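Breakdown of the fold
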Amino acid sequence: RCSSSPAPSTAHARRSLFEQAAAVPLAAFTALQGLRDTGQIRPGQKVLINGASGGVGTFAVQIAKSFGAEVTGVSSTRNVDMARSIGADHVIDYTQADFTKNGKQYDLILAANGDRSISEYKRALAPKGTYVTSGGSGAQAFQAMIFGPGISMTGSKKMGNLLARPNKKDLTFLKELLEAGKVKPVIDRRYPLREVPEALRYLEEGHAKGKVVITI
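Residues numbered from 1 in each chain as written. Predicted model: local features only at pLDDT ≥ 70, side-chain atom pairs only at ≥ 80, totals over all residues. Heavy atoms only, no water.

Right, let's get into the environment of R36. By the secondary structure assignment, R36 is in helix α2 (residues 27-38). Distance from R36 to I63, taken between C-alpha atoms, is 9.2 Å for residues 27 residues apart in sequence. With near-sequence residues (within four places) excluded, R36 lies in contact with I41, F67, D170 and F173. Engagement of the side chain of R36 in a polar contact is seen with the side chain of D170, the distance being 2.9 Å. (Helix = DSSP H or I, 4+ residues; strand = E, 2+ residues; numbered from the N terminus. Contact = heavy atoms within 4.5 Å. Polar contact = N/O pair within 3.5 Å; in protein donor to acceptor, adjacent residues only side chain to side chain.)

Take a look at the structure:
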């Protein structure tokens, strides 16, 4: 007897694709626009992603690699291997080392997480480098918004924050990266709709790797 229901393996594959698609906006928009539009990323640049294991950070590492950059990710000890697995050339464990004090400088820094002061980020920027904040603590975002424009106007380093703007053109660009296998969403956990409160509690703990998806 024929059945109109899809085979279990087909249904699972389809559900997995839907989950991956759901994990893309808004984090991937933020990573792309922060690196490409605000950061003006170029091949061969040294790029640092602070918060490389988070929702925006996991996309940022992969997108930066797709642009031909040398990528350094900053994450906690438990996420070091994951950051390497998605393409980071170097990974700094922030519990063991301070990237603002190791003497290295970067052409572009994307702060997707963290609570560093703007002066610390400035120290880690190469001459004519660019710092973009897209997340992290309220103090970090506030300093970028208030002091970033002044620093950018009076020196060679550019510093500021980002407000992502979803649009069809960038969604198509991200779709092409996904289809080419250059970017893959990192999904930490999946929750059914009835467990949304639990999913929010987990997110608020601040330890999610990549994205948390609600399945319907």
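Looking now at the nonpolar core. Of all hydrophobic cores here, the largest spans 35 residues; its most connected members are L35, V47, I49, F59, I63 and L174. For this core, the elements supplying multiple residues, two or more each, are α2, β1 (46-50), α3 (55-66), α4 (80-85), β4 (106-111) and α7 (168-179). Apart from residues lying up to four places away in sequence, L35 is in contact with Q40, I41, V47, I49, A60, I63, A64, L108 and L110. Membership of the second largest hydrophobic core comes to 13 residues, among which are L48, Y106, A111 and Y131. (Core = buried A, V, L, I, M, F, W, Y, C linked by side-chain atoms within 4.5 Å. Buried < 20%, exposed > 50% of the residue type's maximum accessible area, 1.4 Å probe, protein only.)

Further remarks concern the packing of aromatic side chains. Under the definition given, this model contains three aromatic pairs. Taken together, a centroid distance of 6.0 Å and an interplanar angle of 40° make the contact between F99 and Y121 tilted. Of this pair, F99 sits in the loop between β3 (90-93) and β4 while Y121 sits in helix α5 (residues 118-124); the two residues are 22 residues apart in sequence, bridging distant segments of the chain. The exposure classification of F99 matches that of Y121, with both residues buried. With a centroid separation of 4.4 Å and an interplanar angle of 25°, the aromatic rings of Y121 and Y131 are classed as stacked. You can see Y121 sitting in helix α5 and its partner Y131 sitting in strand β5 (residues 125-133), a full ten residues away along the chain. (Phe/Tyr/Trp six-rings, centres within 6.5 Å; stacked < 30°, edge-to-face > 60°.)

Glancing now at the packing of α2 against α3. The N-to-C vectors of α2 and α3 enclose an angle of 50°; their axes lie 8 Å apart at closest approach. Accordingly, the angle class assigned to the pair α2 and α3 is oblique. Note on packing geometry: the crossing formed by α2 with α3 is right-handed. Judged by residue contacts, A27, A28, T30, A31, L32 and L35 of α2 engage G55, V56, F59, A60, I63 and A64 from α3. A class-by-class count of the residues in the contact of α2 with α3 yields ten nonpolar, two polar and no charged. (Axes fitted to C-alpha atoms, helices over the stretch in contact; angles between N-to-C directions. Parallel < 35°, antiparallel > 145°, perpendicular 65-115°, else oblique. Left-handed = near helix turned anticlockwise from the far one by under 90°. Nonpolar A, V, L, I, M, F, W, Y, C, P; charged D, E, K, R; others polar.)

This part covers the packing of α2 against α7. Contact geometry of α2 with α7 gives a least axis separation of 11 Å together with a crossing angle of 95°. Classified by the angle their axes make, α2 and α7 are roughly perpendicular. Where α2 abuts α7, its residues A28, F29, L32, Q33, R36 and D37 lie against D170, L171, F173 and L174. A per-class count over the contact of α2 with α7 returns six nonpolar, one polar and three charged.

A few words on α7. End to end, α7 covers 16 Å across twelve residues, agreeing with the expected 16 Å (1.5 Å per residue, within 8%). Within the sequence span of α7, burial applies to D170, L174 and L177. The arc that holds every buried residue of α7, seen down its axis, measures 55°, which confines them to one face. In α7, the exposed positions angled more than 90 degrees off the buried face are occupied by K168, K169 and E179. (Expected span 1.5 Å × (residues − 1). Arc of directions from axis to C-beta.)

Right, let's talk about the environment of G73 for a bit. Tracing the sequence through the fold places G73 in strand β2 (residues 70-75). We classify G73 as buried; its relative accessible area is 0%. Along the primary structure G73 and D89 are separated by 16 residues, whereas in three dimensions their C-alpha atoms are 7.9 Å apart. Look past the residues within four positions of G73 in its chain and what remains in contact with it is I49, A52, A88, H90, V91 and I92.

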